[in-house]
Amino acid sequence: MSDTLSNILTTCPYCGVGCGVRASNAEQGPTAQGAHLRIRGDDAHPANFGRLCVKGSALGQTLGTSGRLLQPEVNGADCDWPTAIRAVAEGLQQTIAEHGPGAVAMYLSGQLLTEDYYVANKLMKGFIGSAHVDTNSRLCMASTVTGHKRAFGADVVPGCYDDIEQASLFVLVGANMAWNHPVLFQRIQAVLQAKPDAKLVVIDPRRSASCEAAHLHLKLRPGTDVLLFNGLLSFLAQQGKLDQRFINLHTEGFADALASAQLQAATVEQVAIGCDLPLEQVLQFYRCFADETFSLTLFSQGVNQAIDGTDKVNAIINCHLATGRIGKPGCGPFSLTGQPNAMGGREVGGLANQLAAHIDYSNPAQQALVGEFWQAPNLVATPGYKAVELFQAIERGEIKAVWIMATNPLVSMPQADKVKAALAKCPLVIVSDIYQHTDTLDVASIKLPALGWGEKDGTVTNSERRISRQRALCPPPGQAKADWQIICEVARAMGFSQGFNFANAAEIFAEHAALSAYQNNGERAFNISALAQLSAEQYQQLAPIQWPVTDSNPQGMARLFADGRFFTASGRAQFIALRQRGLTQATPATPLWLNSGRLRDQWHSMTRTGEVASLMQHRPEPFVSLHPADAALYGLSEGELVQLSNASGCLLLRVEISDNQRPSELFIPMHWSAQFASQARADVLFAADTDPISGQPALKLSQVALKRFVANWQALLFTRQPLTPEQLQLFSPHYLARVPLSDCQSYRLAVTTSLAEISLLLQQLQLAPTLHCNDSQHGELTSYRAAAIRDNQLQWLLLAGTALTDTDQVWLNQQFTAPLSLDSRRRMLSGRAGQGGPVDNSALICSCFNVRSKAICQAIKKGADSTAKLGKQLQCGTNCGSCLPELTALIAQQKSKELSDVTH
Ligand SMILES: Nc1nc2c(c(=O)[nH]1)N[C@H]1C(S)=C(S)[C@@H](COP(=O)(O)OP(=O)(O)OC[C@H]3O[C@@H](n4cnc5c(=O)[nH]c(N)nc54)[C@H](O)[C@@H]3O)O[C@H]1N2
Ligand SMILES: Nc1nc2c(c(=O)[nH]1)N[C@H]1C(S)=C(S)[C@@H](COP(=O)(O)OP(=O)(O)OC[C@H]3O[C@@H](n4cnc5c(=O)[nH]c(N)nc54)[C@H](O)[C@@H]3O)O[C@H]1N2
Ligand code: SF4
Ligand SMILES: [Mo]
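Only a predicted model underlies this, so the values are computations on that prediction, with no experimental measurement involved.

**Digging into the site of ligand 1**
Consideration 1: Taken together, the neighbourhood of ligand 1 is formed by 33 residues, with D204, D225, Q301, R598 and Q602 sitting nearest.
Consideration 2: In the environment of ligand 1, a nitrogen atom lies 3.0 Å from a nitrogen or oxygen atom belonging to the backbone of I203.
Consideration 3: The side chain of K700 places a nitrogen or oxygen atom 2.9 Å from an oxygen atom of ligand 1.
Consideration 4: Burial of ligand 1 by the surrounding chains reaches 99%, relative to a free accessible area of 920 Å².
Consideration 5: Counting only elements with at least two residues in the shell around ligand 1, the list comes to α6 (177-180), α13 (301-304) and β23 (592-597).
Consideration 6: By residue class, the composition of the shell around ligand 1 is ten nonpolar, 15 polar and eight charged.

What follows is the structure in structure tokens.
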């Protein structure tokens, strides 16, 4: 919808908050494609009311054709679409002819639009006849899906975002909302400010940015959430805080669930010991929950990505059912969806254990309905392989053709090196992506260029079941096509002309809506029958709306289960009897526990956010965070390199020492790919252990060994033109991290060969220095510094040495933007700005206004003791607000420093 000619309303393509975006014409903006676009939050969108976080605010910088895949490629050669479509269709047909449809698989993504997902699922499960369709939502939301189905009989998020304003207690379990669902977190923070009694409790084994706003942080032993919530159930019963009427009228299985909870968690002491928490803290949490009716429990990957992820979900839901806190304003269990359209994927049935539209394989009569509706020649009858099994089947050679769309499994799947090896030997690997180089695309035999955000058109569903439109803002780059179009063309080329003749996304949406309504007498939760008759024009104008959308609820429904009726056979919600699983013991060979997760400014494998210079500045290099006690034990200091390893693989990362961690527990970001660092793909170190019910891998807990890494020399290299991977390999770097900056690339290298070879290396690279200097000790070269200046512009700069001294990196970057001054030329090889130069190299805190921690700390010292005052002085935190938790932390740090200065 466009409210004026120059305003297009669309939805952010990042997290499941699903913020509305308004793109309008502006004089200044990104170059190339989106040259004249200004991106702002949509004031009228009910998810964000105008707000955008740091990633959403930088969306304009991701538009354009730079780095994009613009043309199809078959076996390394560019080709036109007819050739590519024929290659895909014939490849799949041949595989089916020789090995049967079960040898074909698709691996999809919560970043596809619902329309893309719908046709992909239909093609595979109804026409090709293979059930091996799974998605990266298996790594993300699968445990929530199975938890919801066990408790409610359907995969339904009961509540809505408006519950936030009506709640007074927020319990965040395994969710760092401050960074990963920032706009919703800001809504929570606003409530905390407006209601003096409102409280935030964070349950997370590490101190995350979300803890800055928390009244209580339970830094529990990883993997003990079931015990904690079983303890809460026992406590509620003991304290007479149950809603007996709700339990009697609307649920089943309470007695068993309580008895099971009491076996391990009869007393708070038992819980405190098991979860490794102070007794007083557990009690404080339990009392808070017992006393506050308006409580929301929001959870995400610390819950889902575990071998007992489904049980964790049900442990939380049990407590809400026991108190009747569901289906009512201001309370409920609330699953925070990860990707922008993970929900849409669940709605079309894109997971391997679903058929379509909330119909799974347990009900033959309903399955037949799907076959009838689709007029499917080859309807599948039984579930297919879930993601981890799917790649194992490729590895075994059972699956011989796979089509991967909008996901980067070489980076995001557990045992990522095995996945790489499996794909390397798979006869047909088709990858649809928007960029030219991703780790997965680099192993594809057929590459298909897809439209990305700002170019594609369709719908997404956010965490609160709200369907919103994504609308095109720019023309297609090169030959890229919408994913649904590519899929339909392949289907037709395979001879399935009947089911795939869609002229546009609107027609697909209408069919999807009609399927949701087909013979649906209320037994299937997902029902958008009232949208089945939308015309193309109405689809174009569709305003955000929450499903179900039926004739009795044409405006959609914010909250479900208000009548106490659930989608189970009995109509009652189910308590699940749960026991905390025994925890694995660390082995002497791998004594440390590894956790992984997200950073504020990056999105997954960084294909989109990694090239945006301002987003790369928050945390430019891959790192491992560890407790000071472990740093002391291993003799490590901040910024050193360490090797983490286990049977699955090995990583090389920089050390960050932080008491945010529990001792013996490490945290690494999940984001780095081979495009940005040589040995930092987190998933290389995660095993393929999965939750037996959901099939979701345990991506939050692995065991590793740690070893200090000593390089012969390290270097900082800045180049105006990016170097190719082949050029970089000439350094034989053990460690390499690439950091895109606004006008140059910077590379950080650690090398084990001799520094004496450096001149030869530069020759091979055809980098001829115009300035250079070096130092030696006892005849051995200890440092080498060189640069090339042409037309008074810096072309490249290399600072290498056995001990790398401090440099003013911010200043060095700036030298690429303007002609060099005489002073700069003189100082260049020292790497230092000298007197009066901009020498703040501290961590970038506010990406919107480029404010660093040193400036912030100085302002705090001078009396700016609130985020408001800091904002006024330095502007930090005044645009998207994503850095507010970090500003709060810096203020608190300064206060405690002043306090300890006074007491000492
Ligand atoms: N900036 C940014 N935002 C994103 C994304 C992104 O890539 N970048 N991705 C989006 C997607 S797809 C998703 S799924 C969401 C994920 O959103 P979150 O779930 O918030 O993300 P994570 O950082 O992966 O993990 C959350 C927390 O779980 C904790 N945790 C680990 N083990 C346990 C445990 O045993 N118990 C408990 N209680 N906690 C544990 C971790 O320490 C971590 O702080 O974020 C979405 N938003
Ligand atoms: N260790 C560890 N591993 C994890 C996690 C973790 O917490 N820890 N989290 C897991 C979770 S929750 C998730 S969701 C996954 C995410 O992992 P992935 O899905 O692998 O991550 P992305 O980088 O978002 O991959 C999306 C790909 O699609 C491309 N793309 C973008 N838009 C389009 C489009 O419109 N069409 C097409 N065809 N391509 C497009 C992008 O360029 C990119 O290559 O990672 C999982 N892996
Ligand atoms: S919170 Fe940020 S990333 Fe998530 S949808 Fe909103 S603007 Fe996009
Ligand atoms: Mo996710």
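**Focus: the domain arrangement of the chain**
Consideration 1: Taken as a whole, the chain is organised into domain 1 (8-62), domain 2 (73-140 + 341-518 + 526-546), domain 3 (142-335), domain 4 (592-830) and domain 5 (844-903).
Consideration 2: Its C-alpha centre places domain 1 at a distance of 26 Å from the equivalent point of domain 2.
Consideration 3: Contacts between the two partners involve 20 residues from domain 1, matched on the other side by 18 residues from domain 2.
Consideration 4: For the pair domain 1 and domain 2, the number of links is zero salt bridges.

**Here's the deal with the sheet that holds strand β20 (residues 466-470)**
Within a sheet, adjacent strands bond to each other through the backbone by hydrogen bonds, running parallel or antiparallel.
Consideration 1: Within the open sheet, the three strands sit side by side as β19-β20-β21. Their pairing is antiparallel. Among the strands making up the open sheet, the edge pair consists of β19 (458-461) and β21 (545-546).
Consideration 2: In the sheet, β19 pairs with β20 via four bridges, with the strands oriented antiparallel. Paired with V460 across the strands is S468, a residue of β20.

**What to know about the packing of helix α17 (residues 387-396) against helix α19 (residues 416-425)**
Consideration 1: For the pair α17 and α19, interaxial distance at closest approach is 8 Å and the crossing angle is 50°. Considering their axes alone, α17 and α19 lie oblique with respect to each other. Both α17 and α19 take part in a crossing whose hand is left-handed. Facing F391, I394 and E395 of α17, the residues of α19 in contact are K418, V419, A422, L423 and K425.

**Examining the packing of helix α8 (residues 225-238) against helix α11 (residues 268-275)**
Consideration 1: At a minimum axis separation of 9 Å, α8 and α11 run at an interaxial angle of 170°. Considering the angle they form, α8 stands roughly antiparallel to α11. Only V268, Q270, V271, G274 and C275 of α11 make contact with α8, whose side of the interface consists of L227, L228, G231 and F235.

Conventions adopted
Residues numbered from 1 in each chain as written. Chains lettered and ligands numbered in written order. Predicted model: local features only at pLDDT ≥ 70, side-chain atom pairs only at ≥ 80, totals over all residues. Heavy atoms only, no water. Near = heavy atom within 4 Å. Polar contact = N/O pair within 3.5 Å; in protein donor to acceptor, adjacent residues only side chain to side chain. Areas by Shrake-Rupley, 256 points an atom, 1.4 Å probe, with all protein chains shown as cover. Helix = DSSP H or I, 4+ residues; strand = E, 2+ residues; numbered from the N terminus. Nonpolar A, V, L, I, M, F, W, Y, C, P; charged D, E, K, R; others polar. Domains from an automatic or database assignment. Contact = heavy atoms within 4.5 Å. Salt bridge = Lys/Arg side-chain N within 4 Å of Asp/Glu carboxyl O. Pairing = 2+ DSSP bridges. Axes fitted to C-alpha atoms, helices over the stretch in contact; angles between N-to-C directions. Parallel < 35°, antiparallel > 145°, perpendicular 65-115°, else oblique. Left-handed = near helix turned anticlockwise from the far one by under 90°.

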